[in-house]
Protein chains: 4
Amino acid sequence: MKAVVYEGPNDVAVKQVDEPRVEQPTDVIVRITSSAICGSDLHMYEGRTVAEPGIVFGHENMGIVEQTGSGVTSIREGDRVSMPFNVACGFCRNCLAGNTGFCLTVNPGSAGGAYGYVGMGPYKGGQAEYLRVPFADFNCLPLPPGDEHEDDFAMLADIFPTGYHATELAEVSPGETVAVYGAGPVGLMTAYSAMLRGAAQVFVVDKIPERLGLAADIGAVPIDFTEGSAPEQIAERTDGGTDNGIDAVGYQATVAEGEEQPAVVLNDLIATVRPTGTIGVVGLYLPEDPGAPSEDAKHGRLLIDMGSYFEKGLRMGSGQANVKAYNRQLRDLIIEGRATPSFVVSKRLPLEDAPEAYERFDNRERGYSKVVLKP
Amino acid sequence: MKAVVYEGPNDVAVKQVDEPRVEQPTDVIVRITSSAICGSDLHMYEGRTVAEPGIVFGHENMGIVEQTGSGVTSIREGDRVSMPFNVACGFCRNCLAGNTGFCLTVNPGSAGGAYGYVGMGPYKGGQAEYLRVPFADFNCLPLPPGDEHEDDFAMLADIFPTGYHATELAEVSPGETVAVYGAGPVGLMTAYSAMLRGAAQVFVVDKIPERLGLAADIGAVPIDFTEGSAPEQIAERTDGGTDNGIDAVGYQATVAEGEEQPAVVLNDLIATVRPTGTIGVVGLYLPEDPGAPSEDAKHGRLLIDMGSYFEKGLRMGSGQANVKAYNRQLRDLIIEGRATPSFVVSKRLPLEDAPEAYERFDNRERGYSKVVLKP
Amino acid sequence: MKAVVYEGPNDVAVKQVDEPRVEQPTDVIVRITSSAICGSDLHMYEGRTVAEPGIVFGHENMGIVEQTGSGVTSIREGDRVSMPFNVACGFCRNCLAGNTGFCLTVNPGSAGGAYGYVGMGPYKGGQAEYLRVPFADFNCLPLPPGDEHEDDFAMLADIFPTGYHATELAEVSPGETVAVYGAGPVGLMTAYSAMLRGAAQVFVVDKIPERLGLAADIGAVPIDFTEGSAPEQIAERTDGGTDNGIDAVGYQATVAEGEEQPAVVLNDLIATVRPTGTIGVVGLYLPEDPGAPSEDAKHGRLLIDMGSYFEKGLRMGSGQANVKAYNRQLRDLIIEGRATPSFVVSKRLPLEDAPEAYERFDNRERGYSKVVLKP
Amino acid sequence: MKAVVYEGPNDVAVKQVDEPRVEQPTDVIVRITSSAICGSDLHMYEGRTVAEPGIVFGHENMGIVEQTGSGVTSIREGDRVSMPFNVACGFCRNCLAGNTGFCLTVNPGSAGGAYGYVGMGPYKGGQAEYLRVPFADFNCLPLPPGDEHEDDFAMLADIFPTGYHATELAEVSPGETVAVYGAGPVGLMTAYSAMLRGAAQVFVVDKIPERLGLAADIGAVPIDFTEGSAPEQIAERTDGGTDNGIDAVGYQATVAEGEEQPAVVLNDLIATVRPTGTIGVVGLYLPEDPGAPSEDAKHGRLLIDMGSYFEKGLRMGSGQANVKAYNRQLRDLIIEGRATPSFVVSKRLPLEDAPEAYERFDNRERGYSKVVLKP
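This text gives an overview of the structure that appears in the document. (Residues numbered from 1 in each chain as written. Chains lettered and ligands numbered in written order. Predicted model: local features only at pLDDT ≥ 70, side-chain atom pairs only at ≥ 80, totals over all residues. Heavy atoms only, no water.)

Residues and elements named next belong to chain C. Within the secondary structure, glutamine 233 sits in helix H8 (residues 230–237). Of the residues examined, glutamine 233 reaches a relative accessible area of 12% and is grouped as buried. In contact with glutamine 233, not counting residues within four places along its chain, are Ile223, Asp224, Phe225, Glu227 and Gly228. (Helix = DSSP H or I, 4+ residues; strand = E, 2+ residues; numbered from the N terminus. Buried < 20%, exposed > 50% of the residue type's maximum accessible area, 1.4 Å probe, protein only. Contact = heavy atoms within 4.5 Å.)

Another aspect to go through is the interface of chain B and chain A. The partner chain A presents 40 residues to the 40 residues of chain B that form the contact. Across the chain B to chain A interface the summed buried area is about 3400 Å²; carbon plus sulfur atoms make up 62%. When the buried area of chain B at its contact with chain A is split by residue, Leu303, Met306 and Phe310 of chain B rank highest and sum to 21% of it. Across the chain B-chain A interface, the total number found is two salt bridges. Between arginine 93 of chain B and aspartate 243 of chain A there is a salt bridge; the shortest N-O distance is 2.7 Å. The tally of links between chain B and chain A comes to 17 residue pairs in polar contact (both at pLDDT 80 or more). (Buried area = accessible area lost by both parts, 1.4 Å probe. Salt bridge = Lys/Arg side-chain N within 4 Å of Asp/Glu carboxyl O. Polar contact = N/O pair within 3.5 Å; in protein donor to acceptor, adjacent residues only side chain to side chain.)

Our focus in this paragraph is the interface of chain B and chain C. At the interface, 17 residues of chain B touch 17 residues of chain C. Between chain B and chain C lies a buried interface of about 1300 Å² when both sides are counted; carbon and sulfur atoms form 68% of it. The largest contributions to the chain B side of the interface with chain C come from Phe91, Leu96 and Arg328 of chain B, which together make up 33% of the buried area. Applying the counting criterion to the chain B and chain C interface returns zero salt bridges. At the junction of chain B with chain C, the criterion picks out zero residue pairs in polar contact (both at pLDDT 80 or more). Only helix H2 (93–96) and helix H3 (136–139) of chain B provide two or more residues apiece to the side of chain B that touches chain C. Across the side of chain B that touches chain C, the residue classes tally to five nonpolar, eight polar and four charged. (Nonpolar A, V, L, I, M, F, W, Y, C, P; charged D, E, K, R; others polar.)

This next bit is on unusual backbone geometry. Its identity as a non-glycine residue notwithstanding, phenylalanine 135 of chain B has a phi of 45 degrees, on the positive side. Looking at the secondary structure, you find phenylalanine 135 of chain B in the loop between strand S8 (130–133) and H3. By relative accessible area, which is 14% here, phenylalanine 135 of chain B ends up buried. One non-glycine residue, glutamate 171 of chain C, adopts positive backbone phi at about 55 degrees. Locating glutamate 171 of chain C in the fold gives a position in the loop between helix H5 (159–169) and strand S10 (177–181).

We now examine the pairing of strand S5 (residues 80–83) of chain D. All names here are of chain D. A two-sided burial pattern is seen for S5, the buried positions comprising Arg80 and Ser82 on one face and Val81 and Met83 on the other. In this sheet, S5 lies alongside strand S4 (residues 60–68) in antiparallel orientation, the contact comprising four bridges. Bridge assignment links glycine 63 to a residue of S5, and that residue is valine 81. (Pairing = 2+ DSSP bridges.)

Counted according to the given criterion, the structure contains 32 aromatic pairs over all chains. Between tyrosine 164 of chain B and tyrosine 326 of chain B, the aromatic rings sit 5.1 Å apart at their centres with planes inclined by 55 degrees, giving tilted as the arrangement. With a gap of 162 residues between them, tyrosine 164 of chain B in helix H5 (residues 159–169) and tyrosine 326 of chain B in the loop between strand S18 (315–318) and helix H12 (327–335) connect regions that are remote in the sequence. Residue tyrosine 164 of chain B shares its accessibility class with tyrosine 326 of chain B, and that shared class is buried. Sitting above the plane of the tyrosine 368 of chain A ring, lysine 347 of chain A keeps its charged end 4.9 Å from the centroid. (Phe/Tyr/Trp six-rings, centres within 6.5 Å; stacked < 30°, edge-to-face > 60°. Lys NZ or Arg CZ within 6 Å of the ring centre and 35° of its normal.)

Attention shifts here to the pattern of salt bridges. A complete count under the given rule lists 96 salt bridges over all chains for this structure. Ionic pairing is found between glutamate 171 of chain A and arginine 315 of chain A, a salt bridge with its closest N-O pair at 3.0 Å. Here the residue glutamate 171 of chain A occupies a position in the loop between helix H5 (159–169) and strand S10 (177–181), and arginine 315 of chain A occupies one in strand S18 (residues 315–318), the gap between them amounting to 144 residues. Here aspartate 151 of chain C makes a salt bridge to lysine 374 of chain C, at a shortest N to O gap of 2.8 Å. Remark: lysine 374 of chain C occurs in strand S20 (residues 371–374) and aspartate 151 of chain C occurs in helix H4 (residues 150–154); sequence separation between them is 223 residues.

This part covers the relation of the copies chain B and chain A. With an axial shift of 0.0 Å and an RMSD of 0.0 Å, the rotation relating chain B to chain A amounts to 180 degrees. The superposition operator between the copies reduces to a two-fold rotation axis. By C-alpha distance to the rotation axis, the residue of chain B lying nearest is leucine 303 of chain B, at 2.2 Å. With an isologous cut-off of 70% or more, the 100% of interface residues of chain B that recur at the interface of chain A puts this contact in the isologous class. (Least-squares fit on C-alpha atoms with pLDDT ≥ 70 in both.)

Ile304 of chain A together with Ile304 of chain B are the most contacted members of the largest nonpolar core, which has 56 residues in total. Setting aside residues up to four positions removed in sequence, isoleucine 304 of chain B forms contacts with Gly300, Arg301, Leu302, Ile304 and Met306 of chain A together with Ala263, Leu266, Asn267 and Ile270 of chain B. Tyr285 of chain C together with Ala179, Tyr181 and Val273 of chain D belong to the second largest nonpolar core, which has 55 residues in total. (Core = buried A, V, L, I, M, F, W, Y, C linked by side-chain atoms within 4.5 Å.)

Quick look at the relation of the copies chain B and chain C now. In the superposition of chain B on chain C (RMSD 0.0 Å, axial shift 0.0 Å), the rotation amounts to 180 degrees. Most of the interface of chain B is mirrored in chain C: 100% of its interface residues are interface residues there too.

Now for the environment of glycine 198 of chain B. Assignment of secondary structure puts glycine 198 of chain B in the loop between helix H6 (185–196) and strand S11 (201–206). For glycine 198 of chain B, a relative accessible area of 0% translates into the label buried. Spatially, the C-alpha atom of glycine 198 of chain B lies 6.1 Å from that of glycine 175 of chain B, the residues being 23 residues apart in sequence. Contact partners of glycine 198 of chain B, with chain neighbours within four places excluded, come to Pro174 and Gly175 of chain B together with Leu196, Leu333 and Arg338 of chain D.

Residue and element names in this part refer to chain D. Where helix H5 (residues 159–169) meets helix H6 (residues 185–196), the closest approach of the two axes is 7 Å, and the angle between their N-to-C directions is 60 degrees. In terms of axis orientation, H5 runs oblique to H6. Crossing of H5 over H6 shows right-handed handedness. When H5 is examined against H6, the residues Ile159, Phe160, Thr162, Gly163, Tyr164, Ala166 and Thr167 are found in contact with a partner set consisting of Pro185, Val186, Met189, Thr190, Tyr192, Ser193, Ala194 and Leu196. By residue class, the composition of the contact of H5 with H6 is 10 nonpolar, five polar and no charged. (Axes fitted to C-alpha atoms, helices over the stretch in contact; angles between N-to-C directions. Parallel < 35°, antiparallel > 145°, perpendicular 65-115°, else oblique. Left-handed = near helix turned anticlockwise from the far one by under 90°.)

Residue and element names in this part refer to chain D. Counting buried positions along H5 gives 10 out of 11 residues, so the element sits mostly inside the fold. Buried within H5 are the following residues: Ile159, Phe160, Pro161, Thr162, Gly163, Tyr164, His165, Ala166, Thr167 and Leu169. Buried residues in H5 make contact with S4, H6, strand S13 (242–247), strand S14 (273–281), strand S16 (315–318) and helix H12 (327–335). Glutamate 171 occupies a position one or two residues after H5 and carries a positive phi of about 55 degrees.

Moving on, we come to the sheet that holds strand S11 (residues 201–206) of chain C. Whether parallel or antiparallel, the strands of a sheet pair through hydrogen bonds between backbone atoms. Across the sheet, 12 strands lie side by side as S12(C)-S11(C)-S10(C)-S13(C)-S16(C)-S18(C)-S16(D)-S14(D)-S13(D)-S10(D)-S11(D)-S12(D); this open sheet has mixed pairing. The open sheet has two edge strands, strand S12 (221–224) of chain C together with strand S12 (221–224) of chain D, and neither has a second partner. Adjacent strand axes in the sheet meet at a mean angle of 20 degrees, parallel and antiparallel pairs treated alike. Bridge analysis of S10 of chain C against strand S13 (residues 242–247) of chain C gives four bridges, and the strand direction is parallel. Counted as the bridge partner of alanine 179 of chain C is glycine 245 of chain C from S13 of chain C. H5 of chain D rests against S13, S14 and S16 of chain D of the sheet, and its axis sits at about 150 degrees to S14 of chain D. Packed on one face of the sheet, helix H7 (residues 209–217) of chain D meets strand S11 (201–206) and S12 of chain D and runs near 175 degrees to S11 of chain D.

Shown next as structure tokens:
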């Protein structure tokens, strides 16, 4: 079958690879109908990870079940399903606690597995015609048959739950004010989730006009950080700060063109939120980053304003989303017409166009901010 | 009346000062029966803050109500009461949310007030014969009449609730494992609170044998960090780490004699807790510390292992204790004989002995780890 | 001054009464600008309580501060404020826990006080020119100056927070399905709150077309219980029941004209919600009701389907709303234009028209479902 | 193999039955080392359910894994394991939410399955030599090898987690007061769990001196309801009531010898807990009970003091325990020596003695209150 394969820094190709097969009685094979390209794929694409050539990319997957193992109970051939980007077993202590992003079974020696991602276990990605899904009863979310809401449902594998997770980490509750740093697809899904949960006011910080425009379209207040300190702009528009804040940027934060400051968003958040506020971090931070701008940053050590953090009595939750904790509820909001996360999708392309899509996405070209591949 | 007055670095004196009086209808005046010296008083005593001479020390206060303002409803003359170290109004939005350590009323321009502490508002301390208590209905916790449990109740103003708060921040729940860094009075109260809440196993990290002995006495597992990496010692005794961890040390953490490493405890905690774990920080961190060992640390900026923090999906809560959220429940545990926090009290002394007590406490002399003054 | 005074069953009059004055240093006097008539006023009006003639009605009050006591800190003359219908002290253990509807101070021997309500303490109502507000720092919610959002803010004293409280009791969370029994003003505020919190689907059960129409207008699914069993209608439209359910009706539930069945809504809810679901009860039930249809019901004892309740593992929370826990957040949603609860207001009338308004409201006449008096 | 088989009312026999075998790839077969008799077995034994002859009893099971299906991942032959009494799939929406007592997969058409229990699915009981365990990765809790703590671990299948669940439903938190109705094994485990969680005071209500003695032994306050109204006795010993209350009795509550009053415990609890308190119900209530004392009770309808319930703003959670939510943590408390629930075990007997054990247990004979069978 055809699949998007990593060949090295800034190089992916659509190649023939072996079709997956049922390896365990609890597996299913899914024929992929939609698989989106994620901003976190660019970390590998740009060579900013230790990924080796040969990885099949793709962790934002949905499709139709083609084959089921003998130990699968609730999923049938022909079912339309969405798979969380995190592979999880459902029975380890982290999964039991709802922390399916930190499964102790699927990636031994580590906490958490994913499809098509370096360091996240042996699971091939879904930017391909077929995908093997382990522990299928746990990892498949059934969807209504047909092709309605296809692009909305395609957001259920990662970015809609990730945005929602950010609002959980930040403990957003109705009537509160929230600051979201980053207006990329995850930042927008975060702001959108905050609105869905009843936030009174959502600020979205970025510098790219198109992104800020999308934020305004969903009812958020856009803050352009090139026009002055974001914490100060937000303090002026609130009573000295927001109740909560969210980092949807991560370690590759840039202030000016090409100048990375990996701690700038975290410290801006510490300045932005009110005393007793909560910060949620879904932007990625890595323990090892060979391309970092300083020796400490290369090992994931960042200068954090701990004095202010403590004085304000802040809380900070972090980590990749436990998609399974939210995807059913978010699916139901889509089905009932209460959520349409596909507004972030900028383009649908056949699998063959993946190399061009990656290149243009990496160049931040307009129209390539969120591409869904249709194998 | 007599009071303990700060005269300058390493210098306190017992001097005559004006007696407090009812200034607002909601005030009461309390005759102090017990006022303990706190480790955080040493930050001022050592000149590691911007405290000016003249401050009356003492934020761990209890006593008998001597006089009540005309707007006081529930407190009567003769009542025996404990006062949280934090002064709070009870009606601002932070107080309403239970965050009485971050009251927006009592120390305008800041969040949080306290008796006898630099930067915490105009409230005189209780290492004195009398104390003015504002918003008395809110700030006085009634105690049973008489003098039973006096030393236990003396712990209700600060360190018992602070230890308990640490376990709240760290979300300690029954059957879990906890690592507490620091076996001073607050660390011991933290370990004790974790046991009270049903933790399966509590590790307490320190280097001073007497402190570690007290930790063992209450059923905790002492870890001497001079015998090897504390995170590794704990990892070996658990399944790779604890569920939660607590910083009861703060920015003046020392590894060897006199060598401060302000971030060492935070980074050890990031290494100690399991993925998805929670960290509670009650050890003090300051935005400005002129005596810090580096330029960044002078401004409260510390090198934190954010890469590991995010990879593990950790949470971290921080800040001074909201005493009012816990002191009634902890009082009831004392009354029912289920808690006896006075085991940390090392000495009772008359007010006159305060200067010697401060000096010996600051020298970490045996028997001076927790002194209660009896005016 | 003029005030609406209860004269006996089905009889209120606008009479001259003494103006209130500051009695305690913590009081303020408010000049009322809006005071709404509440469905619970009808319980007294109809003689279904032990209310004695002479009570000044009105617990949904807002206005301008006219005078402040000497012990008031945060409220100034001229401030525009909303008062929760529950009078509360802010410092008893129930208030501290956020349960301000069950204050132990303001109505000694009972739990909870209110303005202008039988059995809720000595507090006069606000369907009058002026109102005395005790513990004013705690009981006044500041509003923006001017007269913008007047009718929206008028809903902050009771029914908007009561509706929101229902969704808290029922633990409504995003993506869930909810059944609300009763489409009166409180039921509509409940459905509206559930939508604000991100419910996927909200069913509203009633029999009056106008009410069901309003429910549909805010995006809920109207269920007419005269067209068949409400639990069955809802079961068909869901996967066998809703996640949560809310009783916004109470003990005066009628199935046919004039036929009261005090337990019918509770048992319908037990049938409606899914196993492990949660029920919130804000509709009133009373320990003594002389007008009840059976001897047991006269003493508040109702036949409840406990067998089904237990088998399904249900939870049920109940009681009057703790308005103070929500009114600031709901105010902010109004200010930001994210909530406009005034859509339930059917009429604004001068104080003089109160007698007619009560009569027509009690007759369920169109246009009198939610009247705001403007003294 | 030999197994305890239900033959009809008041009649069980030890008979030869077919050995279980792996039916699904996700099954394991466990050789039973301990299987306890439960009070809920008596409901069937006494003919108070619709159980048909032929049922193999036993839902409190532990043992050694004898055989594993091909789809089992984490469990190996030779592992010592405890099985929750509830059979659960781990992937339905109720299991995902932690409500494993209400699994939607294992007992189609119903919510919740169990071993050896009428109406709980086709799963044979473990009062036998071997047991088939479906969804074994999810349903087996690994225990340390050997035979240490065997009787303590035998309590992990049901009554220790059930007692703990009661304290969760009742939201018991440190420093609170709790009333537990019923001092049978489940009531004692409830009181014991409340102590473990840090309750300040636990009252246990019963009339049997031996049971009340055991309650006193673990630090609870025994209340003999034959000496006067239990709610009044408790009100006198507290400030008017407890913070929480628990029903560990259920529908077969008796006041005098043989006189059942199915609602008496629920109404006593409504009288016992303070306003804003929470009630947890783990004592069984059934939608159909042919042996009930009234027509309404036969259909699970009980007269409940709803008026008081609402006036006090109470909450009530109910239902069988979600064992999987607690058994790992409780296991760890046993391993660390912090909990020894085996204090309730009154006798260990070979499987052959089951008929006599059932008869004597049903007669409430001393020494038969909690029997563990050792096949």
